[in-house]
Amino acid sequence: MATTLNKWPAIRIALDPRLRSIKIPGTTRSVRVARKAAPLFAAFLADWNREMGTRLRLSPGPVDGWFYRPARITSGLSNHSGGVAVDVRYDVLHADGQRHMTDAERKALKRILARYVTADGHHVLANGYAWNHCDEMHTELSQGWDKGNGAKRYTTAADVAEVITRLRIDKGGHRLGG
(Lines give C-alpha, C1' and ligand atoms only; values in the text may rest on other atoms or scores of the structure.)
Protein backbone atom coordinates (compact mmCIF):
# COMPACT_ATOMS: atom_id res chain seq x y z
CA MET A 1 0.00 0.00 0.00
CA ALA A 2 1.31 3.43 -0.95
CA THR A 3 1.81 5.94 1.85
CA THR A 4 2.11 9.71 2.07
CA LEU A 5 5.17 11.62 3.24
CA ASN A 6 3.85 11.51 6.81
CA LYS A 7 3.32 7.74 6.62
CA TRP A 8 -0.48 7.69 6.35
CA PRO A 9 -2.16 5.47 3.72
CA ALA A 10 -2.57 7.17 0.35
CA ILE A 11 -6.16 7.21 -0.93
CA ARG A 12 -6.66 7.16 -4.70
CA ILE A 13 -10.38 7.91 -5.11
CA ALA A 14 -12.67 10.54 -3.58
CA LEU A 15 -15.40 8.02 -2.74
CA ASP A 16 -13.09 5.90 -0.56
CA PRO A 17 -14.78 5.34 2.85
CA ARG A 18 -11.55 6.35 4.60
CA LEU A 19 -12.31 9.93 3.52
CA ARG A 20 -14.99 12.20 4.92
CA SER A 21 -16.32 15.60 3.91
CA ILE A 22 -16.86 17.59 7.08
CA LYS A 23 -18.43 21.01 7.55
CA ILE A 24 -16.10 23.47 9.27
CA PRO A 25 -17.93 24.79 12.35
CA GLY A 26 -18.76 28.49 12.14
CA THR A 27 -18.53 28.54 8.34
CA THR A 28 -20.45 27.39 5.29
CA ARG A 29 -17.34 25.55 4.06
CA SER A 30 -16.56 21.84 4.04
CA VAL A 31 -13.31 19.97 3.53
CA ARG A 32 -12.60 16.35 2.49
CA VAL A 33 -9.99 14.73 4.75
CA ALA A 34 -9.14 11.37 6.32
CA ARG A 35 -12.12 10.13 8.34
CA LYS A 36 -9.99 9.47 11.45
CA ALA A 37 -8.67 13.03 11.43
CA ALA A 38 -11.79 14.85 10.17
CA PRO A 39 -13.00 16.19 13.55
CA LEU A 40 -9.47 17.39 14.38
CA PHE A 41 -9.06 19.23 11.07
CA ALA A 42 -12.58 20.72 11.32
CA ALA A 43 -11.85 22.04 14.83
CA PHE A 44 -8.49 23.44 13.73
CA LEU A 45 -10.04 25.14 10.70
CA ALA A 46 -12.85 26.57 12.87
CA ASP A 47 -10.17 28.01 15.18
CA TRP A 48 -8.32 29.41 12.15
CA ASN A 49 -11.50 31.03 10.85
CA ARG A 50 -12.33 32.56 14.23
CA GLU A 51 -8.84 33.70 15.28
CA MET A 52 -6.74 34.54 12.23
CA GLY A 53 -8.50 37.83 11.49
CA THR A 54 -10.69 39.07 8.67
CA ARG A 55 -8.04 38.86 5.95
CA LEU A 56 -7.62 35.08 6.39
CA ARG A 57 -11.21 34.03 7.16
CA LEU A 58 -12.18 30.86 5.31
CA SER A 59 -15.27 32.26 3.61
CA PRO A 60 -14.62 33.72 0.76
CA GLY A 61 -11.27 32.06 0.14
CA PRO A 62 -10.36 28.53 -0.88
CA VAL A 63 -10.09 25.57 1.51
CA ASP A 64 -8.82 22.24 0.14
CA GLY A 65 -8.01 18.87 1.69
CA TRP A 66 -7.71 15.50 -0.02
CA PHE A 67 -6.26 15.37 -3.52
CA TYR A 68 -4.26 12.39 -4.79
CA ARG A 69 -0.99 13.74 -6.20
CA PRO A 70 2.80 13.68 -5.88
CA ALA A 71 4.50 16.01 -3.41
CA ARG A 72 5.69 19.29 -4.91
CA ILE A 73 8.98 19.81 -3.06
CA THR A 74 10.29 16.25 -2.65
CA SER A 75 9.66 12.77 -4.05
CA GLY A 76 6.76 10.71 -2.76
CA LEU A 77 3.04 11.25 -2.39
CA SER A 78 1.73 14.50 -0.97
CA ASN A 79 0.09 14.35 2.46
CA HIS A 80 -3.02 15.61 0.64
CA SER A 81 -3.11 12.13 -0.96
CA GLY A 82 -4.02 10.63 2.41
CA GLY A 83 -6.43 13.39 3.38
CA VAL A 84 -4.03 14.45 6.15
CA ALA A 85 -3.24 17.96 4.92
CA VAL A 86 -5.26 21.08 4.19
CA ASP A 87 -4.49 24.22 2.20
CA VAL A 88 -6.35 27.42 3.06
CA ARG A 89 -6.52 30.93 1.66
CA TYR A 90 -3.92 30.31 -1.04
CA ASP A 91 -5.42 33.32 -2.77
CA VAL A 92 -3.59 35.33 -0.05
CA LEU A 93 -0.98 32.83 1.23
CA HIS A 94 0.61 32.03 -2.13
CA ALA A 95 2.59 28.84 -2.78
CA ASP A 96 5.71 30.76 -3.79
CA GLY A 97 8.01 30.03 -0.83
CA GLN A 98 7.61 33.60 0.43
CA ARG A 99 6.15 34.86 3.70
CA HIS A 100 2.65 36.36 3.36
CA MET A 101 1.36 36.32 6.96
CA THR A 102 1.74 39.32 9.21
CA ASP A 103 3.53 38.93 12.55
CA ALA A 104 0.13 39.03 14.29
CA GLU A 105 -1.23 36.27 12.02
CA ARG A 106 1.81 34.07 12.70
CA LYS A 107 1.40 34.62 16.43
CA ALA A 108 -2.28 33.64 16.20
CA LEU A 109 -1.40 30.54 14.17
CA LYS A 110 1.24 29.44 16.69
CA ARG A 111 -1.31 29.89 19.50
CA ILE A 112 -3.87 27.77 17.62
CA LEU A 113 -1.37 25.00 16.76
CA ALA A 114 -0.21 24.85 20.41
CA ARG A 115 -3.66 23.52 21.41
CA TYR A 116 -3.34 20.41 19.29
CA VAL A 117 -0.78 18.59 21.44
CA THR A 118 -0.61 15.14 23.03
CA ALA A 119 0.07 14.58 26.74
CA ASP A 120 3.79 14.10 26.00
CA GLY A 121 4.01 17.44 24.17
CA HIS A 122 3.90 16.19 20.58
CA HIS A 123 2.24 18.72 18.25
CA VAL A 124 -0.03 16.70 15.96
CA LEU A 125 -0.43 19.54 13.44
CA ALA A 126 2.32 21.37 11.58
CA ASN A 127 2.13 24.43 9.35
CA GLY A 128 4.56 25.40 6.62
CA TYR A 129 5.28 28.82 8.13
CA ALA A 130 8.23 27.20 9.96
CA TRP A 131 9.78 25.39 6.99
CA ASN A 132 12.81 26.36 4.89
CA HIS A 133 10.46 26.55 1.89
CA CYS A 134 7.72 28.69 3.45
CA ASP A 135 4.18 27.33 2.84
CA GLU A 136 1.86 29.19 5.23
CA MET A 137 -1.34 27.98 3.57
CA HIS A 138 -0.45 24.32 4.31
CA THR A 139 -1.26 22.48 7.55
CA GLU A 140 -0.73 18.73 7.91
CA LEU A 141 -0.47 15.97 10.45
CA SER A 142 3.10 16.47 11.58
CA GLN A 143 6.13 14.52 10.41
CA GLY A 144 8.86 13.32 12.74
CA TRP A 145 11.55 15.60 11.28
CA ASP A 146 9.50 18.76 11.89
CA LYS A 147 10.93 19.83 15.26
CA GLY A 148 10.31 23.51 14.39
CA ASN A 149 6.58 22.84 14.63
CA GLY A 150 6.89 20.81 17.85
CA ALA A 151 6.83 17.32 16.33
CA LYS A 152 8.36 14.51 18.38
CA ARG A 153 7.41 11.78 15.91
CA TYR A 154 5.23 11.12 12.90
CA THR A 155 1.63 11.75 14.01
CA THR A 156 -0.34 8.51 14.34
CA ALA A 157 -4.07 7.79 14.42
CA ALA A 158 -3.66 7.20 18.17
CA ASP A 159 -2.15 10.69 18.57
CA VAL A 160 -5.08 12.19 16.65
CA ALA A 161 -7.62 10.27 18.78
CA GLU A 162 -5.86 11.39 21.99
CA VAL A 163 -6.03 15.06 21.03
CA ILE A 164 -9.66 14.77 19.89
CA THR A 165 -10.51 13.28 23.30
CA ARG A 166 -8.41 15.76 25.30
CA LEU A 167 -9.88 18.79 23.52
CA ARG A 168 -13.39 17.28 23.68
CA ILE A 169 -13.92 17.56 19.94
CA ASP A 170 -17.15 15.93 18.77
CA LYS A 171 -17.64 14.05 15.49
CA GLY A 172 -18.66 17.32 13.81
CA GLY A 173 -15.46 19.14 14.77
CA HIS A 174 -16.98 21.24 17.57
CA ARG A 175 -15.00 21.61 20.78
CA LEU A 176 -17.44 20.93 23.59
CA GLY A 177 -17.21 23.34 26.49
CA GLY A 178 -14.76 25.66 24.84
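That block above? That's the structure.
Here the structure is a predicted model, which means the values were calculated and not measured.

Caption draft 1: Summary view of helix α3 (residues 157-166). If you check which residues of α3 are buried, you get D159, V160, V163 and I164. Taken around the axis of α3, the buried residues stretch over an arc of 135°, which confines them to a single face. Of the residues in α3, the exposed ones pointing more than 90 degrees away from the buried face are A158 and T165. Where α3 is buried, its residues touch α1 (38-51) and β6 (135-141). At the exit of α3 stands R168, carrying a positive phi of roughly 55°.

Caption draft 2: Inspection of the sheet that holds strand β5 (residues 125-128) at higher detail. With antiparallel pairing, four strands are arranged side by side in an open sheet as β3-β4-β6-β5. Only two strands of the sheet have a single neighbouring strand rather than two, namely β3 (63-64) and β5. Looking at chain direction, β3 and strand β4 (residues 85-88) are connected through two bridges and run antiparallel. Note on β4: the bridge partner recorded for D64 is D87. Sheet strands in contact with α1 are β3, β4, β5 and β6, and its direction is about 150° off that of β6.

Caption draft 3: The packing of aromatic side chains, seen in detail. The tally for this structure, following the rule as stated, stands at three aromatic pairs. With a centroid separation of 6.2 Å and 65° between ring planes, the pair formed by F44 and W48 is classed as edge-to-face. With F44 and W48 both in helix α1 and four residues apart, this pair spans about one turn of that helix. Judged by its relative accessible area of 0%, F44 falls in the buried class. On the numbers, 6.1 Å between centres and 50° between planes, the contact of W131 with W145 is tilted.

Caption draft 4: Spotlight on helix α2 (residues 103-113). Listed in full, the buried residues belonging to α2 are E105, R106, A108, L109, I112 and L113. Viewed along the axis of α2, the buried residues span an arc of 160°, placing them on a single side of the element. Exposed side of α2, more than 90 degrees from the buried face: D103, A104 and K107 are the residues found there. Elements in contact with the buried residues of α2: α1, β5 and β6.

Caption draft 5: Expanded view of the side chain of D87. Tracing the chain through its elements places D87 in strand β4. Buried charge without a partner: D87 forms no salt bridge, and the closest opposite charge is R69, 4.5 Å away. In terms of polar contacts, D87 uses its side chain to reach the side chain of H138, at 2.9 Å. Setting aside chain neighbours within four positions, we find D87 in contact with P62, V63, D64, R69, H80, M137 and H138.

The rules behind each value
- Residues numbered from 1 in each chain as written.
- Predicted model: local features only at pLDDT ≥ 70, side-chain atom pairs only at ≥ 80, totals over all residues.
- Heavy atoms only, no water.
- Buried < 20%, exposed > 50% of the residue type's maximum accessible area, 1.4 Å probe, protein only.
- Helix = DSSP H or I, 4+ residues; strand = E, 2+ residues; numbered from the N terminus.
- Arc of directions from axis to C-beta.
- Contact = heavy atoms within 4.5 Å.
- Pairing = 2+ DSSP bridges.
- Axes fitted to C-alpha atoms, helices over the stretch in contact; angles between N-to-C directions.
- Phe/Tyr/Trp six-rings, centres within 6.5 Å; stacked < 30°, edge-to-face > 60°.
- Lys, Arg positive; Asp, Glu negative; His and termini not counted.
- Salt bridge = Lys/Arg side-chain N within 4 Å of Asp/Glu carboxyl O.
- Polar contact = N/O pair within 3.5 Å; in protein donor to acceptor, adjacent residues only side chain to side chain.

Note that all results are geometric; they support no functional claim without further evidence.
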